[in-house]
Amino acid sequence: MKLGFTSDCLGGLSFKEMMDHAVRLGVEGVEVNTCGWSTAPHFDLDEMLGNPRAQAAFKEEFAARGLEIISLNANGNPLHPTDASQARGLTDTIRTAGEMGISTVCTMSGLPAGNATDSMPNWVVSSWPPETRDILRYQWEERLIPFWIDIAALADDCGVKNIALELHGSQCVYNVPSLLKLRHAVGPVIGANLDPSHLFWMGADPLVAADALGDAIYHVHAKDTFLNGPVQATTSLLETGSLTDIPSRSWSYVTLGFGHGEAWWRQFCYRLRMAGYDGWLSIEHEDVLLNSLEGLEKSAELLKSVMPAAASDYTPPAI
């Protein structure tokens, strides 16, 4: 496995400062945020698209430091019913990735409205009342699957091999069954960006999810979640409070090790390898209490201590 982080982890720093910290931390690559819910301070998508000179200069900054571009990340809601810029950001990111020879694009499935006349995304998390079934049918059959069939064709045209969808709340694809359902409908270009932090707060088990996804895991975000038991006991894990008010929330995103200890992350890495995944672990820092650089340092230190880096060379002795 190889270690990196998302460029937004150090979004307050300049591009060169961010890159120099990557070298200092001893990671092997950086996942580059391009658009959507990111301000993308280190990547001007409009400037990069169709601009070989700008692309070459960007890649040279990585090569000069011995770093790799892990992927381009277009996280957002590409099926937003009133904001077409998010879908455009995804398609422009795929085109740019193809031009730059980057094989993986990370994004989210998107969440449309509940019907053709709605103007707001609608995330269904219950099978009751009965109209939820109509919402899901509309979202999947009329919006989600047709959209991703078109995106898959674009990715193929551009030479992008893997679209890694983050299993994220407020998206149509948020767990293992929904990821596999879309993959079955669209094809193997669709895979998972397995981020355990989201599965934690939705009540799933990332270790079992890794087993269930197997070769459908295309990318891994390393992010942790603190589950606040006393608050959860009265509010549940359905949390709508401010992301910055950690004491009042039933769950919060935290630095690796502050939600689940080293033993859990060691098991996660091993289960990933059991599932056949030997790719990137990309740290995503969203801890509002810790300094971003300190949180990144602590996360990188933890992962270095638990992740398998070399290929296995064990063979049973001949007896």
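Everything that follows concerns the structure shown earlier in this document.
Bear in mind that the values here come from a model prediction, so they are computed numbers and not experimental data.

(A) Spotlight on the nonpolar core. Counting 85 residues, the largest nonpolar core has Phe-5, Ile-94, Trp-148, Leu-194, Leu-272 and Leu-303 as its most contacted members. Per-element accounting of this core gives the leading share, nine residues, to helix H5 (residues 131-158).

(B) Local environment of the pairing of strand S5 (residues 162-166). The buried count for S5 comes to four of five residues, which makes it a mostly enclosed element. Judged from the four bridges that link them, strand S4 (residues 104-107) and S5 form a sheet pairing that is parallel. The residue of S5 that forms the bridge with Cys-106 is Ala-164. Taken together, S4, H5 and S5 form a β-α-β motif whose crossover is right-handed.

(C) The pattern of salt bridges, seen in detail. Tallied over the full model, the rule gives 16 salt bridges. Ionic pairing is found between Glu-262 and Arg-266, a salt bridge with its closest N-O pair at 2.6 Å. One end of the pair is Glu-262 and the other is Arg-266, both in helix H10 (residues 262-274) and four residues apart, which spans about a single turn. A relative accessible area of 38% means that Arg-266 is categorised as partly exposed. Glu-294 serves as the salt-bridge partner of Lys-298, at 3.7 Å between the closest nitrogen and oxygen.

(D) Region of interest: the side chain of Ser-299. For Ser-299, the position within the fold is in helix H11 (residues 292-306). In this structure Ser-299 touches Thr-255, Leu-256 and Ile-283, once residues within four positions along its chain are discounted.

(E) Structural detail: unusual backbone geometry. Cis geometry marks the peptide bond from Trp-128 to Pro-129, where omega comes out at 5°. Along the polypeptide, Pro-129 turns up in the loop between S4 and H5. At Ala-40, a position not held by glycine, the phi torsion is positive, near 50°. With respect to the helices and strands, the residue Ala-40 is situated in the loop between strand S2 (29-33) and helix H2 (45-48). Judged by relative accessible area, which is 11%, Ala-40 ranks as buried. Here Ser-170, not a glycine, exhibits a phi torsion of approximately 60°, which is positive. Note on placement: Ser-170 falls in the loop between S5 and helix H6 (176-186).

(F) Structural context of H10. If you check H10, its first and last C-alpha atoms are 18 Å apart, about what 13 residues at 1.5 Å a residue would give, namely 18 Å. Among all positions of H10, only Trp-264, Trp-265, Phe-268, Cys-269, Arg-271 and Leu-272 are buried. Buried residues in H10, looked at end-on, bunch into an arc of 165°, giving them a common side. Along H10, exposed side chains directed more than 90 degrees from the buried face belong to Ala-263, Tyr-270 and Met-274. Downstream of H10 by a residue or two, Gly-276 has a phi angle that is positive, lying close to 100°.

About the criteria used
Residues numbered from 1 in each chain as written. Predicted model: local features only at pLDDT ≥ 70, side-chain atom pairs only at ≥ 80, totals over all residues. Heavy atoms only, no water. Core = buried A, V, L, I, M, F, W, Y, C linked by side-chain atoms within 4.5 Å. Buried < 20%, exposed > 50% of the residue type's maximum accessible area, 1.4 Å probe, protein only. Helix = DSSP H or I, 4+ residues; strand = E, 2+ residues; numbered from the N terminus. Pairing = 2+ DSSP bridges. Right-handed = clockwise from strand over helix to strand, strands pointing away. Salt bridge = Lys/Arg side-chain N within 4 Å of Asp/Glu carboxyl O. Contact = heavy atoms within 4.5 Å. Expected span 1.5 Å × (residues − 1). Arc of directions from axis to C-beta.

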